[in-house]
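Observations on the three-dimensional arrangement
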Amino acid sequence: MKRNRERMVRDQIQARGISNPLVLQAMLNVPRHLFVQEALRAQAYGDHAVPIGHGQTISQPYIVALMSEILEPAPGVSVLEIGTGSGYQAAILAEMGMDVSSVERIKALHFAARKLLDSLRYFKVRLKLDDGTVGWAEYAPFDRIIVTAGGPEIPEPLVAQLADPGIMAIPVGRSRRQQELVVIRKQHGKTTLERRGGVAFVDLVGTHGW
Ligand code: SAH
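The present account deals with the structure reproduced in this document. Nothing here was measured: the structure is a model prediction, and the numbers come from that model.

A few words now on the sheet that holds strand E6 (residues 142–147). The 7 strands are arranged E5-E4-E3-E6-E7-E8-E9 in an open sheet whose pairing can be described as mixed. Among the strands making up the open sheet, the edge pair consists of strand E5 (126–129) and strand E9 (190–199). Across the sheet, the mean angle from the axis of one strand to that of its neighbour is 20°, orientation sign disregarded. Taken together, the 4 bridges between E6 and strand E7 (residues 162–175) define a ladder with parallel strand orientation. By the bridge assignment for E7, Ile146 is matched with Ala169.

Right, let's get into the pattern of salt bridges. Within the structure shown, the criterion is met by 9 salt bridges. Residue Arg185 pairs with Glu72 through a salt bridge whose shortest N-O separation is 4.0 Å. Here Arg185, found in strand E8 (residues 178–187), pairs with Glu72, found in the loop between helix H3 (61–70) and strand E3 (78–82); they are 113 residues apart in sequence, far enough to count as distant. The closest approach of N and O atoms between Lys128 and Asp130, which form a salt bridge, is 3.1 Å. Residue classification places Lys128 among the partly exposed residues on the basis of a relative accessible area of 23%. For Asp130, a relative accessible area of 33% gives the class partly exposed. One network of salt bridges, in which partners are shared, links Glu72, Arg185, Glu194 and Arg196.

Here we take up the side chain of Ser86. Its place among the elements puts Ser86 in the loop between E3 and helix H4 (88–95). In terms of polar contacts, Ser86 uses its side chain to reach the backbone amide nitrogen of Tyr88, at 3.1 Å. The contact partners of Ser86, leaving out residues within four places of it in the chain, are Phe35, Ile52, Ile58, Ala113 and Leu116.

What follows is about the site of the ligand. The environment of the ligand is formed by 27 residues, the closest being Glu81, Ser86, Glu104, Gly132 and Val205. Gln89 is positioned with one of its backbone polar atoms (N or O) 3.0 Å from an oxygen atom of the ligand. Within the backbone of Gly132, a nitrogen or oxygen atom sits 2.8 Å from a nitrogen atom of the ligand. Alone, the ligand offers 580 Å² of accessible surface; in the complex the protein occludes 99% of this. In terms of residues, the shell around the ligand owes the most to one element, strand E2 (residues 56–58), which gives 3 residues. Residue composition of the shell around the ligand, by class: 10 nonpolar, 11 polar and 6 charged.

Relative to the helices and strands, Ala91 resides in helix H4. Sequence-wise, Ala91 and Ala26 are 65 residues apart; in three dimensions their C-alpha atoms are separated by 8.5 Å. Contacts of Ala91, omitting those with residues within four sequence positions, involve Val30, Phe35, Leu117 and Tyr122.

What counts and how
- Residues numbered from 1 in each chain as written.
- Predicted model: local features only at pLDDT ≥ 70, side-chain atom pairs only at ≥ 80, totals over all residues.
- Heavy atoms only, no water.
- Pairing = 2+ DSSP bridges.
- Helix = DSSP H or I, 4+ residues; strand = E, 2+ residues; numbered from the N terminus.
- Axes fitted to C-alpha atoms, helices over the stretch in contact; angles between N-to-C directions.
- Salt bridge = Lys/Arg side-chain N within 4 Å of Asp/Glu carboxyl O.
- Buried < 20%, exposed > 50% of the residue type's maximum accessible area, 1.4 Å probe, protein only.
- Polar contact = N/O pair within 3.5 Å; in protein donor to acceptor, adjacent residues only side chain to side chain.
- Contact = heavy atoms within 4.5 Å.
- Near = heavy atom within 4 Å.
- Areas by Shrake-Rupley, 256 points an atom, 1.4 Å probe, with all protein chains shown as cover.
- Nonpolar A, V, L, I, M, F, W, Y, C, P; charged D, E, K, R; others polar.

Right, here's the structure in full:
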């Protein structure tokens, strides 16, 4: 499987311009095949998203790497993820030494992710079963926020819970499964917004989602 990951990193990730060494190493280290359903393991290292049950997907490896790089990762930096799903993106963030909190709204996915992350010894990753579009006030502000599901708007509570300086990556789109990756930066009291092209995430469902 390590061979598959080496190939994945070279052909899908480095080939498309991702160069952050922390990101590349994390993508090499985390056993992605354990985060997909057993019957789909052979597809785990393919250049695409993979179903994880309940109508949800684990993102394409390149998208996980791209969003991780956008977050300018560093050890000790706090990050809130909305959409734990399989727990793969959370594991990548933890592998880079980040202080990870992640929220999932589907109970079965939340519990499966906890079990898997514990078995891989990512004990410090904090998980919560809730609507993540309202953030996680208890641990706010966060240096980084990553949303791995797409909604119609940028949830205002998340912007409020982003630290200054801080970076947030979120897919936003007026129609379902067709979004633009938006990067929000807070610095010196100012918030700026940058569009990074088309992406296709599952629905963000909640108070500030669909
Ligand atoms: N980051 C995940 C991707 C999972 S897909 C991974 O690495 O596997 C996106 C996830 O977002 C789904 O599991 C979906 O249930 C979840 N989701 C959608 N709306 C949400 C909300 N409002 N709060 C928390 N999770 C949400």
